[in-house]
Amino acid sequence: MQTWGEAIIERLSLRGNETVLDLGCGTGRLTEFLLRRLPHGEVIAVDRSANMLQAARDHLEPEFGGRVSYRQASLDELDLHQVADLAFSNAALHWVTDHARLLRAIFAALRPGGWFVAQCGAGPNIARIRERAGRLMALPAYRSYFEDWPGPWEFAYPEVMAERLTTTGFVDVETSMFEAPFELATFEETRDFFENVILGTHLARIPDAELRAAFVQSMAEQSAADDPPFRQDYWRLNLRARRPVA
């Protein structure tokens, strides 16, 4: 994900003095890469996790102190008005299920003429993982923890997101998706990936530690049985749009 994000930043057309929103900044590693493209600019780093924001602050302040501000908020609850020339996001937007509200918040935060450039999970992203998790969630041992739960993600197809962007008021809308599968190396790495990256919100709903462990173990075992083993079916959605000048 860091590599995908760096590739997006490298393609950005920047003067170097812009104010940029980093939506879902995480630990700040990609924010650092962005700041190096902004020698006279600044970044507003946004994340809903206080722990992530603290990690970003610890990572960035020694070198970039004074050029980064930090804001804890869910991305769809961002309350900023025309503060940024660019809103950037990598691997975060699919964790917000209300895209209409999300896009309105981003639109409001951009200055007239400002750009929104992002990449997130696309429609078929992790379809195999979602199917397998769904089967586990339906088992008697887990069913009560997941009744009426819609899940933590919104993976949109390009044409759907293009319509949402246009409806929000964006112009010069471009959306596309591409397949980006990757393979993890070992059973342990795959199990850790499921536990700490993909299925954390699922596991948080299961109060019993043994049931949580069994859930992750089953997902990792199924991945190990794939051909090739430990291959994850990632699809990425590219987004680019502009707030009109007028």
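Before reading further, recall that the structure is shown in the block above.
The model shown is predicted, which means the values in this text are computed figures rather than measured ones.

> Account for the side chain of Asn125, naming residues and giving values.
The topology assignment puts Asn125 in the loop between β5 (110-121) and α5 (127-137). Its relative accessible area of 2% is what places Asn125 among the buried residues. Within the local environment of Asn125, its side chain forms a polar contact with the backbone nitrogen of Trp235, the two atoms lying 2.8 Å apart. Here Asn125 is in contact with Arg130, Phe155, Asp233, Tyr234, Trp235 and Arg236, once residues within four sequence places are set aside.

> How would you sum up the packing of aromatic side chains? Please name residues and give values.
Under the definition given, this model contains twelve aromatic pairs. For the ring pair Trp153 and Phe155, a centre distance of 5.7 Å and an interplane angle of 25° mean the geometry is stacked. Residue Trp153 is classed as buried on the basis of its relative accessible area of 14%. On the basis of an interplanar angle of 45° and a centroid distance of 6.4 Å, the ring pair of Phe193 and Tyr234 is categorised as tilted. Remark: Tyr234 occurs in the loop between β8 (231-232) and β9 (235-242) and Phe193 occurs in helix α8 (residues 187-198); sequence separation between them is 41 residues. Summarising the burial analysis for this pair, Phe193 and Tyr234 share the class buried. Each member of the aromatic cluster is reached from another via a ring pair, and the members are Trp4, Phe182, Phe193, Phe194 and Tyr234. The side chain of Arg57 reaches across the aromatic face of Tyr70, ending 4.4 Å from its centre. Positioned above the aromatic ring of Trp115 is the side chain of Arg240, whose terminal nitrogen or guanidinium carbon lies 4.2 Å from the ring centre.

> Describe the layout of surface pockets, naming the residues involved and giving the relevant values.
Volume-wise, the largest pocket comes out at about 920 Å³. As for the largest pocket, its lining consists of 35 residues, and the residues nearest its centre are Gly24, Gly26, Met52, Ala91 and Trp95. Elements with a minimum of two residues in the lining of the largest pocket: α2 (29-36), β4 (84-90), α8 and α9 (200-203). The greatest single-element share of the lining of the largest pocket, amounting to three residues, is contributed by α8.

> Help me get a handle on the pairing of strand β3 (residues 68-72), residues and values and all.
In the sheet, strand β2 (residues 42-47) pairs with β3 via five bridges, with the strands oriented parallel. Bridging from a neighbouring strand, Val43 pairs with Val68 of β3. Traced from β2 through helix α3 (residues 50-64) to β3, the parallel crossover comes out right-handed.

> Account for the environment of Pro112, with residues named and values stated.
Among the secondary structure elements, Pro112 is positioned in strand β5. Along the backbone, Pro112 and Pro244 are 132 residues apart, and their C-alpha atoms lie at a distance of 5.7 Å. If we ignore the near neighbours within four places in the chain, the residues touching Pro112 are Gln82, Arg243, Pro244 and Val245.

> Before we move on, can you summarise the packing of α2 against α3 with the specific residues and values?
Contact geometry of α2 with α3 gives a least axis separation of 9 Å together with a crossing angle of 30°. Regarding the angle of α2 to α3, the classification is roughly parallel. Considering only the axes of α2 and α3, their crossing is right-handed. Here Arg29, Thr31, Glu32, Leu35 and Arg36 of α2 lie close against α3, whose contacting residues are Ala55, His59, Leu60, Glu63 and Phe64.

Cut-offs used in this document
Residues numbered from 1 in each chain as written. Predicted model: local features only at pLDDT ≥ 70, side-chain atom pairs only at ≥ 80, totals over all residues. Heavy atoms only, no water. Helix = DSSP H or I, 4+ residues; strand = E, 2+ residues; numbered from the N terminus. Buried < 20%, exposed > 50% of the residue type's maximum accessible area, 1.4 Å probe, protein only. Polar contact = N/O pair within 3.5 Å; in protein donor to acceptor, adjacent residues only side chain to side chain. Contact = heavy atoms within 4.5 Å. Phe/Tyr/Trp six-rings, centres within 6.5 Å; stacked < 30°, edge-to-face > 60°. Lys NZ or Arg CZ within 6 Å of the ring centre and 35° of its normal. 1 Å grid on protein atoms, 1.4 Å probe; cavity = no way out; pocket = protein on both sides within 12 Å on 5 of 7 lines; lining within 4 Å. Points joined across faces, edges and corners; volume = space filled by probe spheres on them. Pairing = 2+ DSSP bridges. Right-handed = clockwise from strand over helix to strand, strands pointing away. Axes fitted to C-alpha atoms, helices over the stretch in contact; angles between N-to-C directions. Parallel < 35°, antiparallel > 145°, perpendicular 65-115°, else oblique. Left-handed = near helix turned anticlockwise from the far one by under 90°.

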